[in-house]
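# Coordinate inspection notes
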Amino acid sequence: MGEQPIFSTRAHVFQIDPNTKKNWVPTSKHAVTVSYFYDSTRNVYRIISLDGSKAIINSTITPNMTFTKTSHKFGQWADSRANTVYGLGFSSEALLSKFAEKFAEFKEAARLAKEKSQEKMELTSSPSQESAPGDLHSPVTPESINGTDERVTPDAESRPHTPSSHTASSHTPSSHTASSHTPSSHTPSSHTASSHTAELNAVPFPHSSTSITKHWEAELAALKGNNAKLTAALLESTANVKQWKQQLAAYQDEAERLHTRVTELECVSGQTAGIKTQKTELNQTIEELEAELKAKEEELEKLKEEVENADRLEAQRDSLAQKLQDTQLRNSDLETRLSLLEERLENGRMEDESFRKSLRSILELLDGKILELTELRDTLSKLIS
C-alpha cells in the first residue's frame with residue numbers, strides 16, 4: 001500500500017544551527033504543510049514536510065523521541081539519526097497541542113511495533129524443535145522488521161554535540177509570535193524576511209488588500225493540490241504504460257502463435273469445417289486484442305493530455321505566486337504610507353492644540369488691557385466732569 005498521510009497541519013519549520021548548536025535556522029520562508037505518514041509495509045511512522053519539491057523534514061518517529069513544548073506556540077524534537085533538532089512554530093496554541101497529541105500517539109504506536117518486532121526476533125532466533133542441531137536461523141533485528149535498514153548505536157543516540165529533547169529548550173526562542181513564528185532571541189540577523197513579516201502583521205492591513213491576499217493564497221493552495229494529484233496520476237500512468245507494453249508484446253506473440261496455428265490447421269486435410277470454425281474464433285480473438293490495444297492507446301493519449309494540462313497549471317501557479325508577491329509588496333507600501341499619515345495627523349493635532357493655547361493667552365491679555373482701558377476711561381470721565 002505504501003505510505004499514507006494520516007494527519008496534516010501547517011507551521012513554520014526551523015532546524016538547529018549545526019555549527020553553533022544554539023541558534024535556530026528557518027528552513028521555510030512561510031508556513032508549510034507538516035504531515036504524519038504511516039508506512040504499512042515497514043510499519044513505521046514518519047514526519048514529512050515539503051517546501052516545493054524539497055524535503056525539509058524527513059524524520060522517522062522512534063520510541064525514545066520526545067516532543068517538547070517550549071512556548072505556547074513553539075515545539076521541538078531531536079532526531080539522532082538525522083543529527084539535528086527540528087522546531088515548529090504554529091499560528092495558535094490549539095494547533096501545537098494537537099500536533100503534540102499526535103506525536104505522543106504515534107510514538108506509543110512505534111513503541112508497540114518495536115516490542116512486537118523484538119518478540120518476533122526472539123521467536124526467530126530460538127532454535128526450532130524440528131531443525132537439525134547445527135541449523136541456525138538468520139538474525140532478525142528490530143530495525144529490519146520496522147523497515148529501517150540503518151543501524152543505530154548507543155553512541156548515536158547520546159552524542160554530546162546533538163541537543164537532546166530535554167536540553168534543547170535553552171535554544172528555544174524567548175517569544176514566538178503568531179504572525180512570523182520566528183524565535184525572536186535566537187533568529188539569525190540575516191533572516192530579514194521573517195522580521196519584515198512580523199512588522200507587517202503588527203499593523204492592521206487594509207480590508208481589501210487582506211481579502212486579495214487570502215484569495216491568491218487559496219488559489220495557490222488549490223493549484224498545488226491539483227498539481228500533486230496530476231503528478232501522482234502521471235507516475236501511475238507511467239507504470240501502467242510499462243505494463244501495457246509488456247501486455248502488447250505478449251498479445252503480439254499470442255497473435256503470431258495464433259496465425260501460425262491457423263496456417264497449420266489450413267494445411268490439415270479432412271478437417272475443413274473444424275479448421276474454419278477455429279479460424280473464425282482466432283480471428284475474433286485477434287480483433288478483440290486489437291480493440292483492447294486501441295483502447296489502451298486512447299487512454300495513453302488522454303494521460304498525455306492530462307500531463308500537458310498539468311504543465312499549464314504549473315505555469316498558472318507560478319503566475320499566481322508572482323501576483324501574490326506583488327500584492328504583498330503593495331500592502332507593505334500602503335502600510336508605510338498609513339504610518340506616515342498617522343504621524344502627520346498627530347503632529348497637526350499637537351500644533352492645533354499649541355495654537356489654541358496661544359490664542360487663549362492673547363485673549364486673556366486683551367481682556368486685561370480692555371479692563372485697564374475701561375478703568376482709565378472712567379477715571380478720565382470723572383476728571384473731566
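Computed from a predicted model, the values in this text were never measured in an experiment.

## Overview of the overall build of the protein
Helix and strand content of the protein: six helices and eight strands. The helix and strand sequence of the protein, counted from the amino end, reads β-β-β-β-β-β-β-β-α-α-α-α-α-α. When each of the 385 residues of the protein is scored for burial, the buried share is 27%. For the protein, long-range pairs separated by at least 24 residues make up 60% of all intrachain contacts whose partners lie at least 6 apart in sequence. Accessible area of the protein: about 25,600 Å², with a carbon and sulfur share of 54%.

## A word on the pairing of strand β5 (residues 54-60)
Across six bridges, the pairing between strand β4 (residues 44-51) and β5 is antiparallel. If you follow R46 over to β5, its bridge partner there is T60. A loop of two residues connects β4 with β5, the two strands running antiparallel in sequence, and G52 in this loop sits at a positive phi of about 75°.

## A word on the pairing of β4
Successive side chains on a regular strand alternate, one facing one side of the sheet and the next facing the other. Within β4, six of the eight residues are buried, which leaves it mostly tucked inside the rest of the structure. As paired strands, strand β3 (residues 32-39) and β4 are joined by six bridges and run antiparallel to one another. The partner of V34 across the bridge, within β4, is S49.

## Points about the packing of aromatic side chains
Per the stated rule, a full pass over the model turns up 14 aromatic pairs. Relative to F103, the ring of F67 has its centre 5.5 Å away and its plane inclined at 40°; by these criteria the two rings are tilted. Of this pair, F67 sits in the loop between β5 and β6 (68-69) while F103 sits in helix α1 (residues 93-125); the two residues are 36 residues apart in sequence, bridging distant segments of the chain. Taking relative accessible area as the criterion, F67 reaches 13% and is therefore assigned buried. For F103, a relative accessible area of 2% corresponds to the buried category.

## Thoughts on a nonpolar patch on the surface
Residues F355, L359, I362, L363, L366 and I370 make up a contiguous nonpolar surface patch of about 580 Å² in total accessible area. With respect to the helices and strands, the residue F355 is situated in helix α6 (residues 272-384).

## Comments concerning the pattern of salt bridges
Under the defined criterion, the tally for this structure stands at 10 salt bridges. Residues R356 and D352 are paired through a salt bridge, measuring 3.4 Å at the closest nitrogen-oxygen approach. On the criterion of helical spacing, the pair formed by R356 and D352 is a turn pair, its members being four residues apart in helix α6. Each of E108, R111 and E115 takes part in a single network of salt bridges with overlapping partners.

## A closer look at the confidence of the model for the protein
Caution is warranted with low-pLDDT regions, since their predicted coordinates should not be read in detail. In the predicted model, the protein carries a mean pLDDT of 76, and the fraction of residues at 70 or more is 74%. For the protein, per-element mean pLDDT is lowest for helix α3 (residues 154-157), which scores 33, and highest for strand β8 (residues 84-89), which scores 94. Below a pLDDT of 50 lies the segment residues 127-207, which in the model reaches 122 contacts outside its immediate sequence neighbourhood of four places, other chains included.

## Observations concerning the nonpolar core
As a rule of thumb, soluble globular proteins bury nonpolar side chains together. Core analysis: the biggest nonpolar cluster contains 22 residues, and Y36, I47, I57, W77, L88 and F99 have the highest contact counts within it. Elements supplying a minimum of two residues to this core: β1 (3-16), β3, β4, β5, β8 and α1. Of all the elements, α1 adds the most residues to this core, at five residues. One finds F14, I16, W24 and F74 within the second-largest nonpolar core, a separate group that totals six residues.

## Some remarks on unusual backbone geometry
You will see that K21, though not glycine, has its phi angle at about 60°, which is positive. Relative to the elements of secondary structure, K21 occurs in the loop between β1 and β2 (24-26). Residue classification places K21 among the buried positions, given a relative accessible area of 15%.

## Points about a negative patch on the surface
Together, E297, E298, E301, E305, E306, E308 and D311 make up a region of like negative charge exposed at the surface. Relative to the helices and strands, E306 is located in helix α6.

How each quantity is defined
- Residues numbered from 1 in each chain as written.
- Predicted model: local features only at pLDDT ≥ 70, side-chain atom pairs only at ≥ 80, totals over all residues.
- Heavy atoms only, no water.
- Helix = DSSP H or I, 4+ residues; strand = E, 2+ residues; numbered from the N terminus.
- Buried < 20%, exposed > 50% of the residue type's maximum accessible area, 1.4 Å probe, protein only.
- Contact = heavy atoms within 4.5 Å.
- Areas by Shrake-Rupley, 256 points an atom, 1.4 Å probe, with all protein chains shown as cover.
- Pairing = 2+ DSSP bridges.
- Phe/Tyr/Trp six-rings, centres within 6.5 Å; stacked < 30°, edge-to-face > 60°.
- Patch = residues over 30% accessible without salt bridge, like charges linked within 9 Å, V, L, I, M, F, W, Y side chains within 5 Å.
- Salt bridge = Lys/Arg side-chain N within 4 Å of Asp/Glu carboxyl O.
- pLDDT = per-residue confidence, 0-100.
- Core = buried A, V, L, I, M, F, W, Y, C linked by side-chain atoms within 4.5 Å.
- Lys, Arg positive; Asp, Glu negative; His and termini not counted.
- Charge placed at Lys NZ, Arg CZ, Asp CG, Glu CD.

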